[in-house]
Amino acid sequence: MIIKQLPTIFEPARPVLQKIEAAGYEAYFVGGCVRDTILHDPIHDIDIATSAYPSEIKSIFKRTVDTGIEHGTVMILDHGTGYETTTFRTESGYQDYRRPDSVTFVRSLSEDLQRRDFTINALALKENGEVVDLFDGLGDLKRRLIRAVGDPNERFHEDALRMMRAVRFASKLDFTIDQPTLTGIKENAPLLAKIAVERIRVEFEKLLLGQNPVAGLKDFIATGLYRYCPGMATAGQQLTALLVLNQWQLENEAQVWATVCLQLGITDRPAVNKFLKQWKTANDLIAQVNKIIPAVQAFHQGQVTPNLLFKTGWQALADANQVAKLYGWAIQDEQLQEEYAKLPIKNGKELAINGGMLIKQANIKPGPLMGKLINQLTFAVVNGDLPNEAEVLLDTARQMAKEG
Ligand code: ATP
Ligand code: MG
């Protein structure tokens, strides 16, 4: 197969490949960028593989950075945008089910393609548009199949993360997993326990953010992979209930985790914290999920009060509504925007008074009581019970302090 017109994203990278070839080596675009080109999907990053060793790449180009030289990766900066090139390599060992014991640089493209996970990810593209397809990846792209390169059992033993990658590509691309590959996942699912949670998390998030999350989830459940994910060992039933939902349009990780928590009945703050810490998510994501969950519950119960809008804040409200869409509990986006816009204040800083003013002008001592007072005033302003005017708020504060 020859691709006559490469997507424009490749244009600035072509001189890099040409230069490597002119020096007597081979160089190809490889991996996801080739797959996505053929699928006419958006391409986000370009990977280049070459027969030249890292030292040889560094002698061909003037400006390079050793970004992962022990794996053969060098970043070339000569042509403006940085391009990462990785020397063809084979991997061997894999005694821990996740990493090769040793990496060997080789001169042959075919050995490099052989170590790749799925046939659709093992395509190489020459700078002139020629596609190298050693494992019928093109046929699998047509059949929309995810198929391991070689023996699935062996490949999942080498690196158990590939099983999660299979289910995430099923969702991301809306492809089917080839039967022997699926059987291989079923048989080796327990090996997932050997993989770092952070790496599993990335694939799981991509699964729920893909084109067809139901397809990916179905395989994630049927193969038993979920049993080896944090906090999900016994969640088969709750996860299965997700398969009947058909309005998937999650947009970010916070929405993903809010959905998962809600689905697993993990809704109170300590439980959410514990669950997400097991998944090793970032603290700001945990905070965001803790805002989203009560908002989704409020949408469900039709209790969207000004106070809830205020406490949740716009970003978490938008996230919550996106999650609520999945369950059919959402509010019209425009209506939500309007109701939010109507809030007299959007955050505490917009309140017409502050602690300093309460001390000076209302003779209130700093401390927990003052904090409470400010909260009550904020609540009253948000609800429209008091205008956001300093004099009125100070008067009210004086009175409240008098009454204790
Ligand atoms: P995405 O569009 O999500 O980036 P991708 O196919 O580019 O998809 P990457 O994780 O960026 O996925 O990996 C780039 C390439 O490296 C893959 O296409 C595949 O050829 C190879 N690869 C990545 N991870 C593995 C793995 N665990 N085992 C074997 N090959 C892998
Ligand atoms: Mg990629």
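Residues numbered from 1 in each chain as written. Chains lettered and ligands numbered in written order. Predicted model: local features only at pLDDT ≥ 70, side-chain atom pairs only at ≥ 80, totals over all residues. Heavy atoms only, no water.

Visitor: So, the domain arrangement of the protein chain: which residues are in play, and what are the values?
Guide: When its domains are assigned, the protein chain resolves into domain 1 (1-143), domain 2 (145-244), domain 3 (247-343) and domain 4 (349-402). Averaged C-alpha coordinates put domain 2 and domain 4 at centres separated by 54 Å. (Domains from an automatic or database assignment.)

Visitor: Kindly report on the pairing of strand 4 (residues 73-76), identifying the contributing residues and their values.
Guide: Where strand 3 (residues 64-68) lies against strand 4, three bridges are found, and the strand directions are antiparallel. Residue pairing in the sheet places Thr 64 in a bridge with Ile 76 of strand 4. Turn length for the strand 3-strand 4 hairpin, with the two strands adjacent in sequence and antiparallel, is four residues, and the turn residue Gly 72 shows positive phi of about 90 degrees. Pairing geometry for strand 4 and strand 5 (residues 83-87), over four bridges, is antiparallel. In the sheet register, Thr 73 faces strand 5, and the bridge partner there is Thr 86. (Pairing = 2+ DSSP bridges. Helix = DSSP H or I, 4+ residues; strand = E, 2+ residues; numbered from the N terminus.)

Visitor: Tell me what's going on with the state of the cysteines, and back it up with residues and numbers.
Guide: Here the structure, examined in full by the defined rule, presents zero disulfides. Free of any disulfide, Cys 229 has its nearest cysteine sulfur in Cys 261, 14 Å distant. Classification of Cys 229 as buried rests on a relative accessible area of 4%. (Disulfide = S-S within 2.5 Å. Buried < 20%, exposed > 50% of the residue type's maximum accessible area, 1.4 Å probe, protein only.)

Visitor: Describe helix 14 (residues 283-301), listing the residues and the values that go with them.
Guide: With 19 residues, helix 14 ought to run about 27 Å at 1.5 Å a step, and its terminal C-alpha atoms sit 28 Å apart, in line with that. Among all positions in helix 14, only Leu 285, Ile 286, Gln 288, Val 289, Asn 290, Ile 292, Ile 293, Ala 295, Val 296, Ala 298 and Phe 299 are buried. Buried-residue contacts for helix 14 involve helix 12 (253-263), helix 13 (269-278), helix 15 (306-312), helix 16 (314-327) and helix 17 (333-341). Of the residues trailing helix 14, Gly 302 is marked for its positive phi of about 65 degrees. (Expected span 1.5 Å × (residues − 1). Contact = heavy atoms within 4.5 Å.)

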